[in-house]
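# Inside the fold
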Amino acid sequence: MESEKVMTNEQEQIDKLTAAELLTTADRATHTVVSTDGSTRVFLLVYAFIASTVLSLADVISGTALLWLAALILPVLLVQFFSTRNRVKARPVLDGSATYSWYFFLGLIAVACLRMWTAVDLGAIGAKWIISCFILWQLLSSAQRALDKDRVQDALERSV
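Read on for a plain summary of the structure. (Residues numbered from 1 in each chain as written. Predicted model: local features only at pLDDT ≥ 70, side-chain atom pairs only at ≥ 80, totals over all residues. Heavy atoms only, no water.)

## Focus: the overall build of the protein
A tally of regular secondary structure across the protein gives 6 helices and 0 strands. Listing every helix and strand of the protein by position from the N terminus yields α-α-α-α-α-α. Buried residues in the protein amount to 24% of all 160 residues. Sequence separation of 24 or more characterises 81% of the internal contacts of the protein that already satisfy a separation of 6 or more. Total accessible area computed for the protein in this model is approximately 11,400 Å², and 69% of it derives from carbon and sulfur atoms. (Helix = DSSP H or I, 4+ residues; strand = E, 2+ residues; numbered from the N terminus. Buried < 20%, exposed > 50% of the residue type's maximum accessible area, 1.4 Å probe, protein only. Contact = heavy atoms within 4.5 Å. Areas by Shrake-Rupley, 256 points an atom, 1.4 Å probe, with all protein chains shown as cover.)

Shown next, in the form of structure tokens:
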């Protein structure tokens, strides 16, 4: 009897260690899958560059040229669509939608403030481009990081 209790206690400890190792492995694998999705970050950077260019040149070039410049987003969208269409579909994330709403709201405020800045000489246009690119990149990458975090959390909750 005594030896059976010792064996079950030892077996329970081994099972707990194995379960902890499996959970750690699953957590690492989930983080690796989310972090290796680097193409999304590249597309976000391209979007930030295009939006910064449009914002910076809005006071200098005509509206038609501005629309043609903004139309550069369409080929980028097509490339993103064709490069990501064979991937696993992302699960809908509803829990963290307030986070994304805050990033969207901050983006609207940033764009409104950048639109108030009238840049007409080359130095001011360059400064506006650098600042707007930095702000938009920070907002987009922060929103993507929050989305990745919510995807990992959602995957870990649903796998159990």
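## Section: the packing of aromatic side chains
Considering all chains together, one arrives at 3 aromatic pairs under this definition. Arranged with centres 5.9 Å apart and planes meeting at 80 degrees, the rings of Trp102 and Phe105 form a pair that is edge-to-face. Of this pair, Trp102 and Phe105 both sit in helix α5 (residues 97-116), 3 residues apart, which is roughly one turn of that helix. On the basis of relative accessible area, Trp102 is assigned to the exposed category, the value being 55%. Note on Phe105: relative accessible area 42%, which makes it partly exposed. (Phe/Tyr/Trp six-rings, centres within 6.5 Å; stacked < 30°, edge-to-face > 60°.)

## Re the pattern of salt bridges
Scanning the model with the defined rule gives 1 salt bridge in all. The partner of Asp59 in a salt bridge is Lys128, with the nearest N and O atoms 3.7 Å apart. Remark: Lys128 occurs in helix α6 (residues 122-158) and Asp59 occurs in the loop between α2 (38-57) and α3 (63-70); sequence separation between them is 69 residues. (Salt bridge = Lys/Arg side-chain N within 4 Å of Asp/Glu carboxyl O.)

## A short note on the layout of surface pockets
Of the voids in this model, the second largest pocket is the one considered here, and its volume is about 300 Å³. If you trace the second largest pocket, you find 13 residues lining it, with Tyr103, Phe104, Gly107, Leu139 and Leu140 closest to the centre. For the lining of the second largest pocket, the leading source of residues is α5, giving 6 residues. In terms of residue class, the lining of the second largest pocket is made up of 12 nonpolar, 1 polar and no charged. (1 Å grid on protein atoms, 1.4 Å probe; cavity = no way out; pocket = protein on both sides within 12 Å on 5 of 7 lines; lining within 4 Å. Points joined across faces, edges and corners; volume = space filled by probe spheres on them. Nonpolar A, V, L, I, M, F, W, Y, C, P; charged D, E, K, R; others polar.)

Any functional reading would require information beyond the geometric quantities listed.
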